[in-house]
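The chain contents come next:
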Amino acid sequence: MITGKPISSDMFKQSMRFLAGGVCILATNNDGDWNGLTITAVCSLTIDPPSLVACVNRNTGTHGIMCRTKRVSINVLSYDQTDIAELFSSSAVRGPQRFDKDKWTEMASGVPVLLGALAVMDCEVVQQTSVGQHSVFFCEVKNVVLQPDRGALVHFNQKFFPVQSVC
Ligand SMILES: Cc1cc2nc3c(=O)[nH]c(=O)nc-3n(C[C@H](O)[C@H](O)[C@H](O)COP(=O)(O)O)c2cc1C
């Protein structure tokens, strides 16, 4: 028998660091002002209707906008977009200043689209619930832009790793 260590917030954080995951930018359009953040808490939910779950801290600049506009893009980062992941999680640069207009455009729905992302999903928030400091957003994917011939970016143990495509 193995006795596990009692859980603390540090132990929980340490455990979750070992869950390697894809990195996304969740982005919103608030009357022409773009906002967004780096997010790894994104998970496929169901195929019919195509849906995903995104968990966002209520203190973030994007949270309130998401609740109001109910429309977000989920931009799945490519292997060469570590700089964007760092920028969108930086406390030094926030709000619309994170968006370099040469790297972003808009979808017909208005949500920001990151050029060079592996996949961009244009989503409508259909439900949300709160747990602790976070909101869990249930999102239906309405449109998608794919650029599949590129490697992925993975976050593991507090570092970003490029994963080159082998296909
Ligand atoms: C690898 C990585 C993953 C993150 N994942 C999430 C996440 O899933 N949900 C979240 O709310 N914040 C997440 N964050 C933190 C936000 O990106 C960060 O707090 C950001 O600055 C919030 O945006 P704001 O400064 O506009 O409030 C993550 C940060 C990093 C570096």
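As the structure is a prediction and not an experimental result, all values here were calculated from the model. (Residues numbered from 1 in each chain as written. Predicted model: local features only at pLDDT ≥ 70, side-chain atom pairs only at ≥ 80, totals over all residues.)

### Some words on the pairing of strand S2 (residues 24-30)
Worth spelling out the cut-off: In this scheme every C-beta is placed from the backbone, and a residue whose C-beta has 20 or more other C-beta atoms within 10 Å is buried, one with 12 or fewer is exposed, and one in between is partly exposed. We count a stretch as a helix when DSSP gives it H or I for four or more residues in a row; a strand needs E for two or more, and each element gets its number in order from the N terminus. A pair of strands is treated as paired once DSSP finds two or more bridges between them.
Within S2, six of the seven residues are buried, which leaves the element mostly enclosed by the surrounding structure. Relative to strand S3 (residues 33-39), S2 is paired through seven bridges, and the arrangement is antiparallel. For leucine 26, the partnering residue across the bridge sits in S3 and is leucine 37. Linkage of S2 to S3, two consecutive antiparallel strands, is achieved through a turn of two residues, within which aspartate 31 is found at a positive phi near 50°.

### Points about the sheet that holds strand S4 (residues 42-46)
By definition, the strands of a sheet pair up through backbone hydrogen bonds, in either a parallel or an antiparallel sense. Using the following cut-off: Axis geometry follows a simple rule: fit a line to the C-alpha atoms, using only the stretch in contact for helices, then measure angles between N-to-C directions, giving values from 0 to 180 degrees.
Ordered by their spatial adjacency, seven strands build an open sheet running S3-S2-S6-S9-S10-S5-S4, and the pairing between neighbours is antiparallel. The open sheet terminates on both sides in strands that have one partner only, identified here as S3 and S4. In this sheet, neighbouring strand axes are inclined to one another by 35° on average, regardless of whether the strands run parallel or antiparallel. Sheet topology places S4 next to strand S5 (residues 51-57); four bridges connect them, and they run antiparallel. By the bridge assignment for S5, valine 42 is matched with alanine 54.

### With respect to the site of the ligand
As a reminder of what qualifies: Nearness rests on one distance test: the residue's C-beta atom, set from the backbone, must lie within 6 Å of the molecule or strand. Each residue gets one of three labels, nonpolar for Ala, Val, Leu, Ile, Met, Phe, Trp, Tyr, Cys and Pro, charged for Asp, Glu, Lys and Arg, and polar for the others, Gly among them.
In the neighbourhood of the ligand, 17 residues make up the surrounding shell, with Ala41, Asn57, Thr60, Gly61 and Ser89 lying closest. Put simply, the parts of the chain that give the shell around the ligand at least two residues each are S3 and S5. A breakdown of the residues in the shell around the ligand according to their chemical character gives seven nonpolar, nine polar and one charged.

### Focus on the environment of methionine 121
Worth spelling out the cut-off: What counts as a contact is two residues whose backbone-derived C-beta atoms lie within 7 Å of each other.
Mapped onto the secondary structure, methionine 121 falls in strand S9 (residues 119-131). For the pair methionine 121 and isoleucine 74, spaced 47 residues apart in sequence, the C-alpha separation works out to 5.1 Å. Once you skip the residues sitting within four places of it in the chain, methionine 121 turns out to touch Ser73, Ile74, Val141 and Val144.

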